[in-house]
Amino acid sequence: MRIIKVATAVATASVSVALLTGCGGDSGGGSEPFEGQSADDIAAKAVEATKQAKSLHMKGDVRPENGGTVTIDVSVDQEKNCDGTISTGEARADVRHTDATLYLRGDERYWRNALEQQPAASQRMAQKLDGKWVKVPAGDEATAGVCDKQGFLAAMDEDESERQGMKRDGTTEVGGQDALKLTKRTSGGETLALYVATEGEPYILKSTTEGGKSPGSVTFSEYNEPVNAEQPSADQTVDLEQLAAGQPA
């Protein structure tokens, strides 16, 4: 019900962002938003609208089960263009995808973490990569999910039993937009909340998980706005394959 696994796998790291995707429960009534529609119907429409959007911006913090905190701040579109930043602890990497090519710009700490399973020679590359845009090899499995909007939203509804029992919890504002809040308390002690836009398309505006092993909060905005990811300049770009092979980058 609530899991959209956002595979923000950057170099050697991936993170799972807990988002809400479906729900069951009470029906609306009176003059409430989505009058006469059940929570299940509202969430289903929100998921579909979000999937159909041409682009969006995601921003939030998530604490995966393996510890630490992952922060994402990324704009992405249907064509896999993206521009943003992903941070894990004190390590940070800018990510950019344009013209079917993925570029990463991490600090030295980021690259040391990313290359920690590699030989010492690879570890020494971290200093050379610090602050440079690194051109990632095509087909690199570790970064396969990066900048794929549909991939971000694909792993929905893995356990249909989690869809049941969400309730309307009033209206509020998210980023200046009116939103209907849907909530649920799970048997594991988590409190889930999904915020759905009440005007225009029923886009997901925010998703939160409080308590449990993977708390987090992610907001969604800038729907259908262009993602202008520019190709880094050649003098600031390093070809990872060439560098690994000992060739001039």
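Values in this document were obtained by computation on a predicted structure and should not be read as measured data. (Residues numbered from 1 in each chain as written. Predicted model: local features only at pLDDT ≥ 70, side-chain atom pairs only at ≥ 80, totals over all residues. Heavy atoms only, no water.)

Visitor: Could you give me a rundown of the overall build of the protein, with the residues and numbers involved?
Guide: Scanning the protein from terminus to terminus reveals 5 helices and 12 strands. Within the protein, the fraction of its 249 residues that count as buried is 47%. For the protein, long-range pairs separated by at least 24 residues make up 51% of all intrachain contacts whose partners lie at least 6 apart in sequence. When the accessible surface of the protein is split by element, carbon and sulfur atoms take 42% of a total near 12300 Å². (Helix = DSSP H or I, 4+ residues; strand = E, 2+ residues; numbered from the N terminus. Buried < 20%, exposed > 50% of the residue type's maximum accessible area, 1.4 Å probe, protein only. Contact = heavy atoms within 4.5 Å. Areas by Shrake-Rupley, 256 points an atom, 1.4 Å probe, with all protein chains shown as cover.)

Visitor: Account for the confidence of the model for the protein, with residues named and values stated.
Guide: Reading predicted coordinates in detail is not appropriate for stretches of low pLDDT. In the predicted model, the protein carries a mean pLDDT of 77, and the fraction of residues at 70 or more is 74%. Within the protein, the lowest mean pLDDT, 68, falls on helix H5 (residues 240-244), and the highest, 94, falls on strand S7 (residues 167-174). A low-confidence stretch, residues 1-25 (pLDDT under 50), is modelled with 120 contacts involving residues beyond four sequence positions or located in other chains. (pLDDT = per-residue confidence, 0-100.)

Visitor: Explain unusual backbone geometry residue by residue, including any values.
Guide: At Lys 80, a residue that is not glycine, the phi angle is positive and equals roughly 70°. Tracing the chain through its elements places Lys 80 in the loop between strand S2 (70-77) and strand S3 (82-88). We classify Lys 80 as partly exposed; its relative accessible area is 40%. Unusually for a residue other than glycine, Glu 222 sits at a positive phi of about 50°. Tracing the sequence through the fold places Glu 222 in the loop between strand S11 (216-221) and strand S12 (237-239). Look at Glu 222 and you get partly exposed, because its relative accessible area is 39%.

Visitor: Could you give me a rundown of helix H1 (residues 39-52), with the residues and numbers involved?
Guide: Taking 1.5 Å of rise per residue, 14 residues should cover 20 Å, and H1 covers 20 Å from first to last C-alpha, within 8% of that figure. Considered for burial, the residues of H1 that qualify are Ala 39, Ile 42, Ala 43, Ala 46, Val 47, Ala 49 and Thr 50. Along the axis of H1, the buried positions cluster into a sector of 165°, meaning they face one direction only. (Expected span 1.5 Å × (residues − 1). Arc of directions from axis to C-beta.)

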